[in-house]
Amino acid sequence: MHFAPDVEETLNFAAVLLNTAPAASRSGRDELATLGELHDLLDANRYGGTRDRSESERRTVVQTRDQLRALWTLERDELAGGINEILRASNALPQLVRHDEFDWHIHATPLDAPLSERIRVEVALALVDIIRASATDRLRVCEAHDCGGVLVDLSRNGSKRFCSVRCGNRMNMIAYRERQLAVDA
Ligand SMILES: [Zn+2]
Ligand SMILES: [Zn+2]
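Please read all numbers here as calculations on a predicted model, not as lab measurements.

Parameters and conventions
- Residues numbered from 1 in each chain as written.
- Chains lettered and ligands numbered in written order.
- Predicted model: local features only at pLDDT ≥ 70, side-chain atom pairs only at ≥ 80, totals over all residues.
- Helix = DSSP H or I, 4+ residues; strand = E, 2+ residues; numbered from the N terminus.
- Expected span 1.5 Å × (residues − 1).
- Buried ≥ 20, exposed ≤ 12 C-beta atoms within 10 Å, placed from the backbone.
- Contact = placed C-beta atoms within 7 Å.
- Axes fitted to C-alpha atoms, helices over the stretch in contact; angles between N-to-C directions.
- Left-handed = near helix turned anticlockwise from the far one by under 90°.
- Nonpolar A, V, L, I, M, F, W, Y, C, P; charged D, E, K, R; others polar.
- Pairing = 2+ DSSP bridges.
- Core = buried A, V, L, I, M, F, W, Y, C linked by C-beta atoms within 7 Å.

**Here we look at helix α5 (residues 115-132)**
The end-to-end C-alpha distance of α5, which contains 18 residues, comes to 26 Å, matching closely the 26 Å that a straight helix rising 1.5 Å per residue would cover. For α5, every residue scored as buried is listed here: Leu115, Arg118, Ile119, Arg120, Val121, Glu122, Val123, Ala124, Leu125, Ala126, Leu127 and Ile130. Where α5 is buried, its residues touch α1 (5-18), α3 (55-72), α4 (76-89), β2 (102-107) and β3 (139-141). Immediately downstream of α5, the backbone of serine 134 shows phi near 50°, a positive value.

**Let's talk about the packing of α1 against α5**
Direction vectors running N to C along α1 and α5 enclose 120°, while the axes themselves pass 9 Å from each other. Handedness of the crossing formed by α1 with α5: left-handed. Here Val7, Thr10, Leu11 and Ala14 of α1 lie close against α5, whose contacting residues are Glu122, Val123, Ala126 and Asp129. Residues that form the contact of α1 with α5 fall into these classes: five nonpolar, one polar and two charged.

**A word on the pairing of strand β1 (residues 95-99)**
Of all the five residues making up β1, zero are buried; the element is thus mostly uncovered. As paired strands, β1 and β2 are joined by four bridges and run antiparallel to one another. Across the sheet, the residue bridging to valine 97 is histidine 105, located in β2. Between β1 and β2, which pair antiparallel in sequence order, lie two residues; one of them, aspartate 100, sits at a positive phi of approximately 45°.

**So, the environment of alanine 185**
When you line up the elements, alanine 185 lands in the segment after α6 (165-184). For alanine 185, a count of 5 C-beta atoms within 10 Å gives the class exposed. On a C-alpha basis, the gap between alanine 185 and serine 134 in space is 45 Å, while along the polypeptide they are 51 residues apart.

**Looking at the nonpolar core**
Counting residues in hydrophobic clusters, the biggest one holds 36 residues, and the most contacted among them are Ala14 and Ala124. When contributions to this core are tallied by element, the ones reaching two or more residues are α1, α3, α4, α5 and β4 (150-152). With nine residues, the single largest contributor to this core is α5.

**Some remarks on the environment of alanine 108**
Considering the arrangement of structural elements, one finds alanine 108 in the loop between β2 and α5. Expressed as a C-alpha distance, the spacing of alanine 108 and leucine 125, which sit 17 residues apart in the sequence, is 7.9 Å. Other than its neighbours up to four places away in sequence, alanine 108 contacts Leu87, Ala92, Leu93, Pro94, Gln95, Val121 and Leu125.

**Regarding the environment of phenylalanine 102**
With respect to the helices and strands, the residue phenylalanine 102 is situated in strand β2. Each C-alpha atom of the pair phenylalanine 102 and aspartate 6 lies 9.4 Å from the other, and the pair is 96 residues apart in sequence.

And the structure:
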């Protein structure tokens, strides 16, 4: 699977964002519960554009996260409908832009549009490529027990199963113990 660099970056960012939800996060709590957590996440992902750093802005990002999580597991036609709804509601207008240290890439909202709207539209635009490539099977839920995390598998052979190295190690350990028990028995 190969997409444009900005599309891949956005899909990976979407998975990180979705995995801050209580059902998916490492801590088991909402990891976007404070302004500090939200802005650390955005800074770590070099997220540009304006932010007003208000509590209401944080709440709308949490709502957007939950809205995008609902899209993640839809089948292709439903996902296409959900993407169109987001693009329509924001009057998305795709434009090539070059800003900060980033070369030409696509945005469909101005850089000073509300943060949650920019996130929503950016992820929707990246999902357009997933639809066009018939790659909805690359949007996955982690296969580890008791993990509600999501992942996007951009690997060539499509073999990624876990949301994190931690989940992968945990499941390998469980499989190892099961093999040992079988040997002992
Ligand atoms: Zn940009
Ligand atoms: Zn996981």
